[in-house]
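Below, each chain spelled out in residue letters.
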Amino acid sequence: MTASQRREQLVAVSRGLFAEKGFDGTSVEEIAQRAEVSKPVVYEHFGGKEGIYAVVVDREVQALTAALTGALTSRGHPKVLLEQASLALLTYIENSEDGFRILVRDSPVAQATGTFSSLIGDVATQVDHLLADQFRSRGLDPRVSSLYAQMLVGMVALTGQYWLDARRPKKADVAAHLVNLAWNGLSGLEKRPHLTTPT
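What counts as what
- Residues numbered from 1 in each chain as written.
- Predicted model: local features only at pLDDT ≥ 70, side-chain atom pairs only at ≥ 80, totals over all residues.
- Heavy atoms only, no water.
- Patch = residues over 30% accessible without salt bridge, like charges linked within 9 Å, V, L, I, M, F, W, Y side chains within 5 Å.
- Areas by Shrake-Rupley, 256 points an atom, 1.4 Å probe, with all protein chains shown as cover.
- Salt bridge = Lys/Arg side-chain N within 4 Å of Asp/Glu carboxyl O.
- Helix = DSSP H or I, 4+ residues; strand = E, 2+ residues; numbered from the N terminus.
- UniProt positions renumbered as here; feature names shortened; annotations may be inferred.
- Buried < 20%, exposed > 50% of the residue type's maximum accessible area, 1.4 Å probe, protein only.
- Expected span 1.5 Å × (residues − 1).
- Contact = heavy atoms within 4.5 Å.
- pLDDT = per-residue confidence, 0-100.

The protein chain is annotated in an unreviewed UniProt entry as TetR family transcriptional regulator from Luteimicrobium subarcticum.

This is the structure in structure tokens:
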């Protein structure tokens, strides 16, 4: 194996272990054993468990950020953007279950940036810009749009955490129910919500 291939192998093995056992429950010895290398090989490539964990988290943050940013920067009706953002998060969870488990789990090496909560904060900032425009156009106070952005993004993120294990109902149905609550509110819930755009 080349150094680059070995590094990727160690990242993949570590990603699986961190998702399964968490940061505290994973040891360098375990990473080395699963990768069938010696512990010094892990230290040589990453300097220790913290180094490899940082690489894993950074990659997951980049993947999720790209998915959500793509959904939020497209043009369209705000309801459609909400649908797309909800589907983007749920699709990321569906395709990267281990990565999402790592992002939502706390660890001692979590920094103010590069964590799930900071990522959600970044997404809320993007949503805030969209909401502020909508608030202005509807004659609502745009100064509270950031509060609504936090509520909206938090609702989607927590639902994603729940759906990670439940996996019911289907992804499109979960997104439709999210949008139903976010768009219509409790007083205007539709009996049979559906997405405006096909999945």
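Next comes the rest of the description.
A. Fine view of a nonpolar patch on the surface. On the surface, Val 144, Leu 147, Tyr 148 and Met 151 cluster together into a nonpolar patch covering about 360 Å² of accessible area. Within the secondary structure layout, Tyr 148 lies in helix α8 (residues 145-166).

B. Broad picture of the UniProt feature "DNA-binding region" (unreviewed entry) in the protein chain. Residues annotated by UniProt as "DNA-binding region" (unreviewed entry) correspond here to residues 27-46. Span residues 27-46 is 80% helix and 0% strand, its end C-alpha atoms 13 Å apart.

C. Spotlight on unusual backbone geometry. Note that the residue after Arg 168, namely Pro 169, is joined by a cis bond; omega there is -5 degrees. Positionally, Pro 169 belongs in the loop between α8 and α9 (171-184). The phi dihedral of Glu 36 is positive, around 60 degrees, even though this residue is not glycine. If you trace the backbone, Glu 36 turns up in the loop between α2 (28-35) and α3 (39-46). The phi angle at Arg 167 is positive, at roughly 55 degrees, despite the residue not being glycine. Mapping Arg 167 onto the fold places it in the loop between α8 and α9. Look at Arg 167 and you get partly exposed, because its relative accessible area is 29%.

D. Broad picture of α9. With 14 residues, α9 should cover 20 Å at 1.5 Å per step; its first-to-last C-alpha distance of 19 Å lies within 8% of that length. Residues of α9 that are buried: Val 174, Ala 175, Ala 176, Leu 178, Val 179 and Asn 180. The elements touched by buried residues of α9 are α5 (78-95) and α8. Looking one or two residues beyond α9, the residue adopting positive phi is Gly 185, at roughly 75 degrees.

E. Just the confidence of the model for the protein chain, in detail. Looking at the protein chain as a whole, the pLDDT averages 87, with 95% of positions reaching at least 70. Per-element confidence in the protein chain is highest for α2, whose mean pLDDT is 97, and lowest for helix α7 (residues 116-137), whose mean pLDDT is 80.

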